[in-house]
Amino acid sequence: MTSLLRQTKELGWRGLSWMDGLFNRLYRWRYNPLYHSGAIAVVTLVVLLVTGLYLLLFYRIGEPYSSVAAITDQVWAGRWIRTLHRYASDLAIVAIVVHAVRVFLQGRSWGARALAWISGVALLATFLVCGWTGYVMVWDVQAQYLAVEGARLLDALPILSEPIGRTFVGERSLPGAFFFLNLFLHIVIPVGLAALLWMHVSRVARPALLPPKGLGRVVVGVLVGLSVLAPVGMAAPADLFRLPESVPLDLFYSFFLPLSAAVDPAWTWVVGGALTAVAVLAPWWSRPGEARTPPPSEVDERLCTGCEQCALDCPYEAIRMVGRDDGRAGLVATVDPALCVSCGICAGSCAPMGVGPAGRTGRDQLAGVKAFIDRHEPGSRDVVLVACDRGSGGVGAFSTFRGAPVFPVSCAGSLHTSVVEYLVRSGAGGVLVVSCPPRDCWNREGATWLEQRLFHDREAELQERVDRRRVRLAYASAGGRSVVAGELDAFQHHVADLERAAREEAIDLESECDAPEGEVQVEVQT
Amino acid sequence: MIVRALGAVLCVGLAAAMVGLSSVPWPVHEETHGLIRLSWRMRGEVVEACRQRSAEELEELPAHMRNPEACEGRATTYRLRVTVDGEERSDELVRPAGARGDRPIYVFRDVPVAPGSHTVVVAFVPVDSAATSAPLELDATVEVEPREIVLITFDPEVQGLVVRP
């Protein structure tokens with residue numbers, strides 16, 4: 001990847017981080033729509049299916065325009081449902097593009113994720129084609145513009161002997177077969193969408209297909225509200241003997257029309273083909289060089305106890321349990337390097353520290369934290385920040401933040417709880433672990449598993465002997481440095497209160513009781 | 001409270017933007033645009049050249065294929081010339097469709113014109129000297145309204161080019 005591309009990506013990432021921070025402040029991370037862009041696209045698909053079924057009851061292929069006009073003006077709630085169908089389709093495109101941009105800027109478009117990326121590009125293309133057929137169904141001036149331009153583009157290809165554009169000459173009325181074929185495509189394509197969606201999530205464990213209920217309700221509620229407040233009407237009907245004066249373009253689907261209509265169709269194919277090739281081949285040209293590609297996880301079979309936790313926790317189903325061949329009973333974990341993205345979450349899941357990417361296993365983390373403590377020597381009033389490299393307001397790049405020493409980890413989900421215990425037992429007043437918000441985790445489930453390991457006994461759990469009052473977990477996106485500062489401040493006050501309470505507890509009350517009359521002696525033990 | 005209000009404002013703004021972009025009135029054709037469209041389908045003439053096979057040639061053929069006459073046919077290419085108000089707007093060869101040139105001939109051409117009255121001369125002439133079919137010709141004055149498409153097509157009933165509407 002050239003340095004220009006890297007810089008552009010970095011710039012894009014900064015812009016996205018800023019937006020994440022803004023949306024987190026406005027909507028809180030749990031309901032940030034940018035974190036749920038893929039799931040919002042699925043919600044819109046459900047809305048489209050439901051509203052589409054209703055509209056299908058009243059659409060007539062022999063009278064396309066008048067049947068849609070009847071739906072709009074006469075059928076019960078027809079105008080709103082038609083509008084809801086349209087706005088849901090627009091939101092689908094927005095959500096898919098946002099999702100694709102996020103995934104690309106987060107470097108999740110190559111390697112084991114290449115299938116998800118390519119199927120995602122295919123999903124976008126399929127949505128566009130489905131939308132085009134939907135607009136042609138209405139057979140208004142926009143449909144005419146789309147159909148005529150589409151025919152012009154297809155006629156530029158040496159595929160059919162008869163120009164498709166002759167269908168729209170007007171010499172004879174359009175055959176019913178045309179509208180039937182169009183309707184058939186519009187109905188069958190969603191089946192293809194379902195298949196592509198299955199492929200899109202086939203390599204992840206526990207895909208989160210739907211957003212949180214509250215956000216889902218808001219999305220549907222906003223769409224319904226828009227449909228009621230801004231219902232679509234009917235544009236002028238198509239007239240094949242008239243050049244349309246003005247066309248109400250839906251730019252989400254017809255964005256290319258003003259450009260392609262102005263140039264030779266060959267240029268449209270060349271540019272469109274080039275852009276499509278760039279998108280489809282992104283897993284190859286966006287892949288970092290060998291030196292920057294992290295190695296996959298490895299299993300130390302001597303240490304593996306076959307507990308299966310790593311296989312359970314892996315967000316990419318890259319770990320399988322297989323029979324041992326070393327004479328020991330039970331199973332042993334094995335990592336498929338083709339599926340492993342080197343997130344390191346398995347390292348955090350393994351109590352005996354027998355799995356993880358080279359340099360980031362539990363043992364490597366312990367060695368790292370020992371050196372960290374030697375360097376910083378945190379005291380009982382000090383809070384140590386454990387910060388994820390990707391998010392955490394970017395503080396993972398610092399050695400200290402507001403006086404607090406920073407221990408960076410590649411992904412908060414890879415953090416082994418022994419590191420937290422070691423920090424507390426070495427005398428740190430508190431450990432503040434800052435992770436990406438759960439739905440923004442670059443490795444999908446790192447933040448979720450970390451929370452469960454720290455506070456809910458998920459293997460490899462933080463031991464009971466560790467004072468939970470001295471451990472806190474906070475969530476902050478890459479653009480959420482002020483959130484980290486606020487959490488750190490609050491935790492530092494909390495730790496100071498703990499220290500004060502500990503000192504007061506250590507006051508020797510007996511010495512006060514034993515003091516001679518008239519004299520009070522107070523011995524304070526620190 | 002302020003944060004929630006700002007969040008709501010942003011949501012409304014983005015929703016309004018989506019609604020706006022969903023239906024943008026895009027000017028496509030001005031009043032000064034009109035179109036003459038040529039569109040027809042016809043079976044071109046097939047010109048055959050026949051000759052007698054020699055005895056040696058017949059000897060080489062299987063018994064059931066010894067037709068004394070050998071004919072080779074080819075579909076005729078046509079030349080399309082269009083002039084509007086004396087100005088040549090198209091002069092091109094139109095070949096039969098298909099990879100082997102054995103499909104019908106399709107003509108589909110658009111000639112942009114300004115609205116108004118225009119003298120249109122169309123000639124669709126076979127270029128093969130052996131062709132015997134009559135050329136298709138049209139010499140007509142057409143009235144083109146603003147943004148109107150005037151169609152010139154082949155009418156099989158009259159076996160000639162006609163103007164529609």
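Residues numbered from 1 in each chain as written. Chains lettered and ligands numbered in written order. Predicted model: local features only at pLDDT ≥ 70, side-chain atom pairs only at ≥ 80, totals over all residues. Heavy atoms only, no water.

### Thoughts on the interface of chain A and chain B
Inclusion rule: For this analysis, residues touch if any pair of their heavy atoms sits within 4.5 Å. A simple way to read buried area is as the amount of 1.4 Å-probe accessible surface that goes missing from two parts once joined, with both sides added. For this document, the term salt bridge refers to a Lys or Arg side-chain nitrogen within 4 Å of an Asp or Glu carboxyl oxygen. As used in this structure description, the phrase polar contact means that two N or O atoms lie within 3.5 Å; if the pair is within protein, one of them must be able to donate a hydrogen and the other to accept it, and residues adjacent in sequence are counted only when both atoms belong to side chains. The helix count covers DSSP runs of H or I at least four residues long, the strand count covers runs of E at least two residues long, and both are numbered beginning at the N terminus. Amino acids are sorted into nonpolar (Ala, Val, Leu, Ile, Met, Phe, Trp, Tyr, Cys and Pro), charged (Asp, Glu, Lys and Arg) and polar (every other residue, Gly among them). Strands qualify as paired when DSSP identifies two bridges or more between them.
With 36 residues of chain A at the contact, the number on the chain B side is 42 residues. Interface of chain A and chain B: buried area, both sides summed, is about 3,300 Å²; carbon and sulfur atoms make up 66% of it. When the area that chain A buries against chain B is broken down by residue, the three leading residues are Arg166, Phe241 and Leu243 of chain A, summing to 20%. One can count one salt bridge joining chain A with chain B. With its nearest N and O atoms 3.3 Å apart, the salt bridge here joins glutamate 245 of chain A to arginine 147 of chain B. At the junction of chain A and chain B, the tally comes to 17 residue pairs in polar contact (both at pLDDT 80 or more). Elements supplying a minimum of two residues to the side of chain A that touches chain B: helix H1 (3–27), helix H4 (78–105), helix H8 (213–229), strand E1 (246–249) and helix H9 (251–254) of chain A. For the side of chain A that touches chain B, the per-class residue count stands at 23 nonpolar, three polar and ten charged. Sheet analysis places E1 of chain A next to strand E1 (residues 24–27) of chain B, joined by four bridges and oriented antiparallel. The partner of serine 246 of chain A across the bridge, within E1 of chain B, is proline 27 of chain B.

### Some thoughts on helix H7 (residues 176–200) of chain A
Residues and elements named next belong to chain A. Heads up, the condition is: A helix is expected to span 1.5 Å for every residue after the first. Three labels apply to residues, based on accessible area from a 1.4 Å probe with only protein chains included: buried if under 20% of the type maximum, exposed if over 50%, partly exposed otherwise in between.
With 25 residues, H7 ought to run about 36 Å at 1.5 Å a step, and its terminal C-alpha atoms sit 36 Å apart, in line with that. For H7, the complete set of buried residues consists of Phe178, Phe179, Asn182, Leu183, His186, Ile189, Pro190, Leu193, Leu196, Leu197 and His200. Lining the buried residues of H7 we find helix H2 (37–56), helix H3 (64–73), H4 and helix H5 (114–138).

### Overview of the state of the cysteines
Put simply, the test is: Two cysteine sulfur atoms form a disulfide, by the criterion used here, when they sit within 2.5 Å.
Scanning the entire structure with this criterion turns up one disulfide over all chains. With its sulfur 2.1 Å from that of its partner, cysteine 50 of chain B forms a disulfide with cysteine 71 of chain B. Torsion about the S-S bond of the cysteine 50 of chain B and cysteine 71 of chain B cystine: about 110°, corresponding to right-handed handedness. Here cysteine 50 of chain B is found in strand E3 (residues 46–52), whereas its partner cysteine 71 of chain B is found in strand E4 (residues 69–75), with 21 residues between them in sequence. Of all cysteine sulfurs, the one in cysteine 350 of chain A lies closest to cysteine 307 of chain A, which takes part in no disulfide; the gap is 6.2 Å. You can call cysteine 307 of chain A partly exposed: its relative accessible area is 43%. The thiol of cysteine 310 of chain A is unpaired, and the distance to the nearest cysteine sulfur, on cysteine 304 of chain A, comes to 6.1 Å.

### Some thoughts on the side chain of glutamine 144 of chain A
Residues and elements named next belong to chain A. With respect to the element layout, glutamine 144 can be found in helix H6 (residues 141–155). When its relative accessible area of 5% is taken as the criterion, glutamine 144 is described as buried. Only 3.3 Å separates the side chain of glutamine 144 from the backbone oxygen of arginine 242, close enough to count as a polar contact. If we ignore the near neighbours within four places in the chain, the residues touching glutamine 144 are Trp139, Ala238, Asp239, Leu240, Arg242 and Pro244.

### Observations regarding the environment of alanine 266 of chain A
Among the structural elements, alanine 266 of chain A can be located in helix H11 (residues 265–280). Each C-alpha atom, one on alanine 266 of chain A and one on serine 89 of chain A, is 29 Å from the other, the two residues being 177 residues apart in sequence.

### A word on the sheet that holds strand E11 (residues 160–164) of chain B
All names here are of chain B. Under the convention used in this document: All axes are obtained by fitting lines to C-alpha atoms, using only the stretch in contact for helices, and the reported angles, taken between N-to-C directions, cover 0 to 180 degrees.
In spatial order, the strands read E7-E2-E10-E11; together these four strands make up an open sheet with mixed pairing. With one partner strand each, in any of the chains shown, strand E7 (105–113) and E11 form the two edges of the open sheet. With direction set aside, neighbouring strand axes in the sheet form an average angle of 15°. Across nine bridges, the pairing between strand E2 (residues 34–42) and E7 is antiparallel. Note on E7: the bridge partner recorded for tryptophan 40 is valine 107.

### Let's talk about unusual backbone geometry
Glutamate 459 of chain A connects to alanine 460 of chain A through a cis peptide bond whose omega is -5°. Secondary-structure assignment places alanine 460 of chain A in the loop between helix H17 (446–455) and strand E10 (471–475). Even without being glycine, glutamate 308 of chain A reaches a positive phi, approximately 75°. Inspection of the secondary structure assignment puts glutamate 308 of chain A in the loop between strand E2 (297–299) and helix H13 (309–313). For glutamate 308 of chain A, a relative accessible area of 41% translates into the label partly exposed. Its identity is not glycine, yet aspartate 85 of chain B carries a phi of approximately 55°, on the positive side.

### Topic: the packing of aromatic side chains
Residues and elements named next belong to chain B. Here is the rule we go by: Only rings of Phe, Tyr and Trp enter the pairing, Trp through its six-membered ring, and a pair is recorded when the two centres are within 6.5 Å. The plane angle decides the type: under 30 degrees is stacked, over 60 is edge-to-face, the rest tilted.
Tallied over the entire structure, the rule returns 19 aromatic pairs over all chains. Between tyrosine 78 and phenylalanine 124, the aromatic rings sit 4.7 Å apart at their centres with planes inclined by 10°, giving stacked as the arrangement. With tyrosine 78 in strand E5 (residues 78–84) and phenylalanine 124 in strand E8 (residues 116–126), this pair connects stretches of sequence that are 46 residues apart. A relative accessible area of 2% places tyrosine 78 in the buried class.

### Regarding the packing of H4 of chain A against H8 of chain A
Residues and elements named next belong to chain A. Quick note on the threshold: Geometric relationships in this document are graded by angle, where less than 35 degrees denotes roughly parallel, more than 145 denotes roughly antiparallel, 65 to 115 denotes roughly perpendicular, and other angles denote oblique. In this scheme, a crossing is called left-handed if the near helix is turned counterclockwise away from the far one by less than a right angle; it is called right-handed if the turn is clockwise.
Relative orientation of the contacting elements H4 and H8 amounts to 130°, with a least axis distance of 8 Å. Between H4 and H8, the interaxial angle falls into the category oblique. For the pair H4 and H8, the crossing hand works out as right-handed. Across from Trp80, Thr83, Leu84, Tyr87, Ala88 and Leu91 in H4, the residues of H8 making contact are Val219, Leu223, Val224, Leu226, Ser227 and Val228. The residue makeup of the contact of H4 with H8, split by class, is ten nonpolar, two polar and no charged.

### So, a positive patch on the surface
Formally: Patch membership requires over 30% relative accessible area and the absence of a salt bridge. Like charges are linked within 9 Å, and nonpolar side chains (Val, Leu, Ile, Met, Phe, Trp, Tyr) within 5 Å. Methods summary: accessible areas were calculated by the Shrake-Rupley approach with a probe of 1.4 Å, and residue burial reflects only the protein chains presented. Think of it this way: Lys and Arg go in the positive column, Asp and Glu in the negative one, and His and the chain ends go nowhere. To locate a charge, take atom NZ for lysine, CZ for arginine, CG for aspartate or CD for glutamate.
On the surface, Arg172 of chain A together with Arg41, Arg43 and Arg103 of chain B cluster together to form a positively charged patch. Within the element layout of this structure, arginine 41 of chain B appears in strand E2.

### Some remarks on the pairing of strand E6 (residues 383–388) of chain A
Residues and elements named next belong to chain A. For E6, a buried count of six out of six residues is recorded, marking the element as mostly surrounded by other parts of the structure. Alternating positions in E6 separate into two faces, Val383, Leu385 and Ala387 on one and Val384, Val386 and Cys388 on the other, with burial throughout. Bridge analysis of E6 against strand E9 (residues 430–435) gives five bridges, and the strand direction is parallel. Following the sheet pairing, valine 386 is matched in E9 by valine 433. Strand direction decides the pairing type here: E6 and strand E8 (residues 404–409), joined by four bridges, are parallel. Residue pairing in the sheet places alanine 387 in a bridge with proline 408 of E8.

### Some words on the confidence of the model for chain B
Put simply, the rule is: Confidence scores here are pLDDT values: one per residue, from the predictor, ranging 0 to 100.
Counting all residues, the mean pLDDT for chain B is 90, and 100% of those residues have values of 70 or more. The ipTM, which scores confidence in the relative placement of chains, is 0.85 for this predicted complex, and the corresponding pTM is 0.88.

### Overview of the sheet that holds E8 of chain B
All names here are of chain B. The antiparallel open sheet is built from four strands, whose spatial order is E6-E5-E8-E9. The open sheet has two edge strands with one neighbour each: strand E6 (87–94) and strand E9 (136–144). Strand-to-strand, the axes of this sheet are offset by a mean angle of 15°, without reference to chain direction. Bridge analysis of E8 against E9 gives nine bridges, and the strand direction is antiparallel. Bridge pairing in E9 places valine 121 opposite aspartate 139.

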